[in-house]
Amino acid sequence: FPVTIGACTNVAEQKNVWKDFSSQIVFSTWKGEESKYSDTDTVIFSDPVTDGGVANLNRQATTTLRGIEYAKRMGYGRVLKMRADQVPINPKEFLRGFSKDNLTVFLYHLHEEGYYVDYFMCGTTDVMQKVWSLDGLQKCRYSEWAITNQIRAVYGGNRPCQIIVT
């Protein structure tokens, strides 16, 4: 499955870490960032978003959705969404940790009513598209709560996720 990496400031580092998986890496970023990438990179350039939303959630959702949509158009049934500031030490082992059947998230934090931490997330392209739908993201005090509400809405309030760290 492809790995989508959002608006990236550490492009060279990400390319180096993922060099054995370069055909699976999809960078999804903003127009105006073209000089950071080569002709051999798979990059989706979006118009910059003026309203970043809570903690830049609108920006993150925009680049994430574009990467998911690309994966779906290419025929992939699953996709891994990575935040650009998260860099695995061993990508091969990292990729083995994801469930083939469920949405996999990094962490469920027990603060207040609890929320999913979205550093990385892997699931079917259909589920990922619903979770990151801009139309469905609710105004929340924290961006993580908006994503958590989306996951709960997709799964009817249940917690069907594989969680890497608990």
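Structure report, in brief. (Residues numbered from 1 in each chain as written. Predicted model: local features only at pLDDT ≥ 70, side-chain atom pairs only at ≥ 80, totals over all residues. Heavy atoms only, no water.)

1. Brief notes about the overall build of the protein
Argument step 1. For the protein, the helix and strand inventory stands at five helices and seven strands.
Argument step 2. Written out in order from the N terminus, the α and β elements of the protein read β-α-β-β-α-β-α-β-β-α-α-β.
Argument step 3. Taken against the 2.2 N^0.38 rule, which gives 15 Å for 166 residues, the C-alpha radius of gyration of the protein at 15 Å falls within 12% of a compact globule.
Argument step 4. Seen through its C-alpha atoms, the protein measures out along the principal axes to roughly 45 × 35 × 30 Å.
Argument step 5. For the protein, the proportion of its 166 residues judged to be buried stands at 46%.
Argument step 6. Across the protein, contacts joining residues at least 24 apart in sequence account for 59% of those joining residues at least 6 apart.
Argument step 7. In the form shown here, the protein has an accessible surface area of approximately 8,600 Å², with 48% of it arising from carbon and sulfur atoms.
Argument step 8. For the protein, the distance from the average position of its 19 positive side-chain charges to the average position of its 18 negative side-chain charges is 3 Å. (Helix = DSSP H or I, 4+ residues; strand = E, 2+ residues; numbered from the N terminus. Rg over C-alpha atoms; globule rule 2.2 N^0.38 Å. Buried < 20%, exposed > 50% of the residue type's maximum accessible area, 1.4 Å probe, protein only. Contact = heavy atoms within 4.5 Å. Areas by Shrake-Rupley, 256 points an atom, 1.4 Å probe, with all protein chains shown as cover. Lys, Arg positive; Asp, Glu negative; His and termini not counted. Charge placed at Lys NZ, Arg CZ, Asp CG, Glu CD.)

2. A word on the pattern of salt bridges
Argument step 1. One pass over the full model with this rule turns up six salt bridges.
Argument step 2. Between Lys31 and Asp47 there is a salt bridge whose closest N-O contact spans 2.9 Å. Taken together, the residues span a long stretch of sequence, with Lys31 in the loop between β2 (25-30) and β3 (42-46) and Asp47 in the loop between β3 and α2 (57-73) at a distance of 16 residues.
Argument step 3. The residue Asp126 makes a salt bridge to Lys72 at a minimum N-O spacing of 2.6 Å. Pair noted here: Asp126 is in helix α4 (residues 125-131) and Lys72 is in helix α2, with a separation of 54 residues, a long-range link.
Argument step 4. Residue classification places Lys72 among the partly exposed residues on the basis of a relative accessible area of 35%. (Salt bridge = Lys/Arg side-chain N within 4 Å of Asp/Glu carboxyl O.)

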